[in-house]
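Structure assessment
Here is what each chain is made of, one letter per residue.
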Amino acid sequence: MTTMDEKLEAIMAEVMRRNTGEEEFIQAVREVLESLGRVVAKRPDYIDNALIERICEPERQIIFRVPWVDDQGRVCINRGFRVQFNSALGPFKGGLRFHPSVNLGIVKFLGFEQTFKNALTGLPIGGGKGGSDFNPRGRSDGEVMRFCQSFMTELSRHLGEYTDVPAGDIGVGAREIGYMFGQYKRLSNRYEAAVLTGKGLSYGGSRARKEATGYGATYFVEAMLATRGTSFDGKTCVVSGSGNVAIYTMEKIRAHGGRVVACSDSNGYVVDESGIDLDLVKEIKEVRRERISEYARQKGTGTRYITMGSIWDVPCDVAMPSATQNELTGKDARRLVANGVLAVGEGANMPSTPEAIRVFQEAGVLFAPGKAANAGGVATSALEMQQNASRDSWTFEQTEQRLASIMRHVHDTCAATADEFGAPGNYVLGANIAGFVRVAEAMRAFGVI
Ligand code: GLU
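Residues numbered from 1 in each chain as written. Predicted model: local features only at pLDDT ≥ 70, side-chain atom pairs only at ≥ 80, totals over all residues. Heavy atoms only, no water.

1. Brief notes about the pairing of strand β4 (residues 127–132)
In terms of burial, β4 is a largely internal element, 6 of the 6 residues being buried. Where burial is concerned, the two faces of β4 agree: the one with G127, K129 and G131 and the one with G128, G130 and S132 are both buried. Looking at chain direction, strand β2 (residues 75–86) and β4 are connected through 6 bridges and run antiparallel. Each residue of the ladder has a partner; that of F81, found in β4, is G131. Note: strand β3 (residues 92–98) against β4, 3 bridges, orientation parallel. Bridge pairing links L96 to G130 in β4. (Buried < 20%, exposed > 50% of the residue type's maximum accessible area, 1.4 Å probe, protein only. Helix = DSSP H or I, 4+ residues; strand = E, 2+ residues; numbered from the N terminus. Pairing = 2+ DSSP bridges.)

2. Quick word on the site of the ligand
Neighbouring the ligand are 14 residues; K93, K117, G168, D169 and S381 lie closest to it. Interatomic distance of 2.8 Å between a side-chain N/O atom of D169 and a nitrogen atom of the ligand. In the environment of the ligand, an oxygen atom lies 2.6 Å from a nitrogen or oxygen atom belonging to the side chain of S381. Secondary-structure elements contributing two or more residues to the shell around the ligand are β3, α6 (104–120) and α16 (375–389). Across the shell around the ligand, the residue classes tally to 2 nonpolar, 7 polar and 5 charged. (Near = heavy atom within 4 Å. Polar contact = N/O pair within 3.5 Å; in protein donor to acceptor, adjacent residues only side chain to side chain. Nonpolar A, V, L, I, M, F, W, Y, C, P; charged D, E, K, R; others polar.)

3. So, the environment of S242
Looking at the element boundaries, S242 is found in the loop between β6 (236–239) and α10 (244–255). As a C-alpha pair, S242 and S322 span 80 residues in sequence and 8.0 Å in three-dimensional space. A distance of 2.8 Å separates a polar side-chain atom of S242 from the backbone oxygen of S264.

4. Quick notes on the side chain of D164
Tracing the sequence through the fold places D164 in strand β5 (residues 164–167). A polar atom in the side chain of D164 sits 2.6 Å from the side chain of R82. Setting aside anything within four residues of it in sequence, one finds D164 in contact with R82, Q84, P91, F92, H158, L159 and V195. (Contact = heavy atoms within 4.5 Å.)

5. Observations regarding unusual backbone geometry
In this structure, R289 is a non-glycine residue whose phi angle is positive, near 55°. The topology assignment puts R289 in the loop between α11 (278–287) and α12 (293–299). Backbone geometry places R391, a non-glycine residue, at a positive phi of 50°. Note that R391 resides in the loop between α16 and α17 (396–420). By relative accessible area, which is 77% here, R391 ends up exposed.

6. Description of the sheet that holds strand β7 (residues 259–265)
Spatially, 7 strands are ordered β9-β8-β7-β6-β10-β11-β12 in an open sheet, and the strand pairing comes out mixed. A single partner strand is all that each edge strand has here, and the edge strands are β9 (303–306) and β12 (366–368). Across this sheet, the average inter-strand angle for adjacent strands is 15°, counted without regard to direction. In this structure, β6 lies alongside strand β10 (residues 318–320), joined through 3 bridges in parallel fashion. Across the sheet, V238 pairs through a bridge with A319, a residue of β10. (Axes fitted to C-alpha atoms, helices over the stretch in contact; angles between N-to-C directions.)

Structure (structure tokens):
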């Protein structure tokens, strides 16, 4: 386990004092600071200029009331957030999450991770994140629309294609982006397409954006497997979650010759040894907006729906946690290692606990952290912004090709940086250092701002 030197310890202590109780944010910062010891040893000016402290402090944090009226005519109140974390490399960029667990600490952890992730893509995008504790589950389209309109009524004043460009995350897909874009357009009286990404194809969205996070994570793991002279071909895989990231991860694994035998939602997981039927998952999740238990109910014999234990009990060669933060614990990691897992690629943001990461690294399992492996989503958002800026629309093939080459760049950057800093194969260290250096260099050029 990497230990921090004294100066980094002092910065960490101050981050903990300032952000009391924000566990996920503190966890995300600690993971990065634990990687920076070797950089600071070479470049003490990062400490002298307080660049690390500045990167740990969001540029701006916005919290607002979101009042809306439900179908029964009752007034409901939710809390809205946007944390504009870092704009050294470009406009703030990152998704919006609608989920009852959303609070300031969660949004800050996501915004912090996003800053490094976006830097790793090599594209001109800063980092930000937002969302609300609104729970879209069980809400009618009309309720979701009224919520989105109210949310955007306040948020719109903080956005702009050169200022801050949100997209989707958990609970925010094409439907929500459509309602929010419509409200922004109405309020601003401008057709400012690049103010949101993840838009529908009929009004400025990019082809392959929906698929990008899952496809990109699969490319990253494929590149990682290639360093050991192997590939997805013939591998048994487990992908947690059944949302946008999980669905397109499963699709690309299958295209690469792998077999996905389990996926999940927050209630339980399904095992289908013959390979998960993706058309059925898409129908259940994307069209009917139902729970994954429906899969087993409809498929019947040969499939199991399990609510006890963990999806990580299912033996596999490749595990791709693609649900949510801290879903894969130390115990899960030990089980995966005992079952012979070869590679783990994080499709979600920070799905493995620090203990789980330690278990994988000590066992020599290839481990791709989310901020590198899932960068394909936001990278394709940046491609959407490019298409909007040039009033153009690329083909699926053209966009996917750019995505593949960006993911190759992210992989190679992490691997080369890990080598350079004396930790070959440590993608966590490589991603944290490479992301940090790119942001820190830009900030240094700007002086103290
Ligand atoms: N929410 C996604 C992420 O975690 C995408 C962000 C975006 O496209 O701006 O990277």
